[in-house]
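# Geometric and topological summary
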Protein chains: 2
Amino acid sequence: MSRLESAPTLATVAAEAGVSRQTVSNALNSPELLRPETLERVQEAIGRLGYSPNRAARNLRTRTSHLIGLRIEPAVEDSANALMDRFLHSLVESTRDAGYHLLLFTGTETGSDVSSGDARPLDAVDGYDELLRSAAVDAFVVTDTYRGNPQAAFLEERGVPFVAFGRPWAEPHARHPWVDVDGRAGVQLAVDHLVERGHQRVAWVGWQKGSFIGEDRRSGWADRMHDHTLSTSRLSARGDDTLDFGRRAAHALLDSEHPTAFVCASDTLAMGVLRALDERGLRPGRDVAVVGFDDSLAAQVCTPGLTSVRQPLEQAAVEIVRLLGDLLGHREVEHRGLTLTPTLSVRASS
Amino acid sequence: MSRLESAPTLATVAAEAGVSRQTVSNALNSPELLRPETLERVQEAIGRLGYSPNRAARNLRTRTSHLIGLRIEPAVEDSANALMDRFLHSLVESTRDAGYHLLLFTGTETGSDVSSGDARPLDAVDGYDELLRSAAVDAFVVTDTYRGNPQAAFLEERGVPFVAFGRPWAEPHARHPWVDVDGRAGVQLAVDHLVERGHQRVAWVGWQKGSFIGEDRRSGWADRMHDHTLSTSRLSARGDDTLDFGRRAAHALLDSEHPTAFVCASDTLAMGVLRALDERGLRPGRDVAVVGFDDSLAAQVCTPGLTSVRQPLEQAAVEIVRLLGDLLGHREVEHRGLTLTPTLSVRASS
DNA sequence: ATGAAAGCGCTAACAT
DNA sequence: ATGTTAGCGCTTTCAT
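Calculation criteria
Residues numbered from 1 in each chain as written. Chains lettered and ligands numbered in written order. Predicted model: local features only at pLDDT ≥ 70, side-chain atom pairs only at ≥ 80, totals over all residues. Heavy atoms only, no water. Near = heavy atom within 4 Å. Polar contact = N/O pair within 3.5 Å; in protein donor to acceptor, adjacent residues only side chain to side chain. Helix = DSSP H or I, 4+ residues; strand = E, 2+ residues; numbered from the N terminus. Contact = heavy atoms within 4.5 Å. Buried area = accessible area lost by both parts, 1.4 Å probe. Salt bridge = Lys/Arg side-chain N within 4 Å of Asp/Glu carboxyl O. Pairing = 2+ DSSP bridges. Axes fitted to C-alpha atoms, helices over the stretch in contact; angles between N-to-C directions.

### Some words on the protein's contact with DNA strand C
Of all residues adjacent to DNA strand C, which total 26 residues, the nearest are Thr38(A), Arg63(A), Leu10(B), Arg21(B) and Tyr51(B). Close to the protein, within 4 Å, the atoms of DNA strand C are drawn from sugar and phosphate at a rate of 61%. Ser20(A) is positioned such that a nitrogen or oxygen atom in its backbone is 2.7 Å from a phosphate oxygen of DNA strand C. In this structure, Arg21(B) approaches DNA strand C through a side-chain N or O atom, which is 2.3 Å from a base nitrogen. Those elements that provide at least two residues to the surface near DNA strand C are helix H3 (21-29) and helix H5 (55-62) of chain A together with helix H3 (21-29) and helix H5 (55-62) of chain B.

In structure tokens form, the structure reads like this:
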């Protein structure tokens, strides 16, 4: 292939410009060292030849890859949870602006030979280790911190640079940098919004105990209701993050407690509530208000639009990359943890 | 950092096992060359030291990166289009199984300084060139082929290995391998489904002329309707891929032609149709049937569920990686183009 | 401000 | 079946 034969190297450029290889390297990495006229001559040669420094060689020499690893988890179907799309894109843009690229990976497959019995469950740490030891990436962005984050301990112990999207709920003394969104504040926004519109019986449909994020969001509802001197008694339902649980919870609550509004821990649950309302002939936004969490595409396009708490994912990505830059540039990391405040996307469902 | 000091190399392992560096390399890359007992001794040493070959060094030597480049486009809001999530994940898994990783990139930002006037439009080829010249990736997966694919010509000309997800609509003689989903067949599935349920006046809500994919999908409707000897006259609307256009198109068609069913070129449009039905007090699935395209999360969780054409993205990813493997392994590529057949996810909207 | 020498860790080619 | 030699393309160090 022509592109392989011809690929210019430092030496090619040096010959073309009539300087030494080292000077070309300096033109790239420390242009201030060159006399302006030399610099220009080299840059011209670079342009003429279409030269780009070979990444592998540079990586080997500098012991950096300029790659950030991100483990992505299986897409969950039948849920409204398409956070990743927005976050991922912002992350790619932010990393690009910082001179990095994103490398995607997953945990090890449980193996196609299921019968062999050696199908390991997906280890939280799976995949990180190999990339690390082979020096394939310089750092990680760790996103799945909802159950506490076992990766964090592992990575921290090894002195690996990483930034978490999500607080270290289970290890308050963890020392790695993180960025998170204040779910509690988001739900408070939702409660305020509903109370402003005259709702007094505002129900919560959330996740089972044991989820830090779930409890955090729920506390936004409970505390804010109390701030408004409104009762939360028997107005809370907890279950799986599924459409069907949202639906059943709504039916049960409507049967017994007659709430006029629902705040949900996720859009998936909220879509379940909407389903239940439809089944009872109730109009969302007119008869009963519903607010979701995540501002998923489903929330945006469903009928009627679903009011939802929107995480500032773009900003989160930017901050994460900034922290990463501090870490990798051996600069002082300004803050260990940064909490961003979500907004409320108000639509017809409330 | 301890991990940097200690990182074992081939030499470390060789010393530990009492063999030469080359033998360790062979143990890794051509284990069949080693005497079983030597192999075991080396593997033991590798395990003991936690050795992983340095990627940069290997890349430099072999002139491969084992990285596949994928350009991701900005996430479009207010649309149901979250294809990428599913596709991306499958692609990561498939590439991993093939011993590769996915490297994400975007085109160059148009620049934050809008006033300067040097904000370039996003070039279709943007981003590919640099990764290529720096040998950062071995190959690309090209996904955004809907307007014809200018990248394809560019990459093909340079002899770059790549596989497109999407036919080369505009260049039928393009010689690169591609995988696509038969949108036309998907829509035919939808029409059959509706006709089976007794619908005769089935309307089409699609995109403006000039979109190859749009015309392909539309032809599935038009031709299949004719196969069923049903009229398509005045039953077609064309416009932007937005909720609002779907909504307006549905209102207009319902006012004039009284269709009993809608087939849409996308879930976004279908959600618009659902919106219109709601505004007219019509029940989707009872009064009027609606079918979308993409089987987005929104289709899955909205009320009532939206029947939608589902692309076999997982399979597409697998096939793409297989072709990539053929290409990179300098094996014969079985087929230039592979067209997969979608399925229909039937839900309450029909 | 520019050049020469050395070497990052690996594998291909060639010995033995 | 194992060892030796060379070199991938770059940057770091040191000399000029």
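### Considering the interface of chain B and chain A
With 70 residues of chain B at the contact, the number on the chain A side is 69 residues. Note on chain B versus chain A: buried area summed over both sides is about 5800 Å², and carbon and sulfur give 54% of it. Of the charged contacts, one joins Arg55(B) and Glu130(A) as a salt bridge, the two residues approaching to 3.1 Å between their closest N and O atoms. Our count for the contact surface shared by chain B and chain A stands at 28 residue pairs in polar contact (both at pLDDT 80 or more). Elements with a minimum of two residues in the side of chain B that touches chain A: H5, helix H6 (83-97), strand S2 (101-105), helix H7 (128-133), helix H12 (267-279) and helix H13 (297-301) of chain B. A total of nine residues in the side of chain B that touches chain A trace back to one element, the largest contributor, which is H6(B).

### Re the sheet that holds strand S9 (residues 289-293) of chain A
The strands that make up a sheet are held in pairs by hydrogen bonds between backbone atoms, and each pair lies either parallel or antiparallel. All names here are of chain A. Sheet architecture is open: six strands sit in the order S7-S6-S8-S9-S10-S12, paired in mixed fashion. Two strands lie at the open edges of the sheet, namely strand S7 (236-239) and strand S12 (343-345), each paired on one side alone. Neighbour-to-neighbour, the strand axes of this sheet turn through a mean angle of 20 degrees, independent of strand direction. Here three bridges tie S9 to strand S10 (residues 307-310), and the two strands are oriented parallel to one another. Note on S10: the bridge partner recorded for Val291 is Thr307.

### Some remarks on the environment of Gly183(A)
Residue and element names in this part refer to chain A. Here Gly183 is to be found in helix H9 (residues 183-196). Here the alpha-carbon distance between Gly183 and Pro150, two residues 33 residues apart in the chain, equals 21 Å. Discounting residues that sit within four places of it in the chain, Gly183 has contacts with Arg167, Asp216, Arg217 and Phe293.

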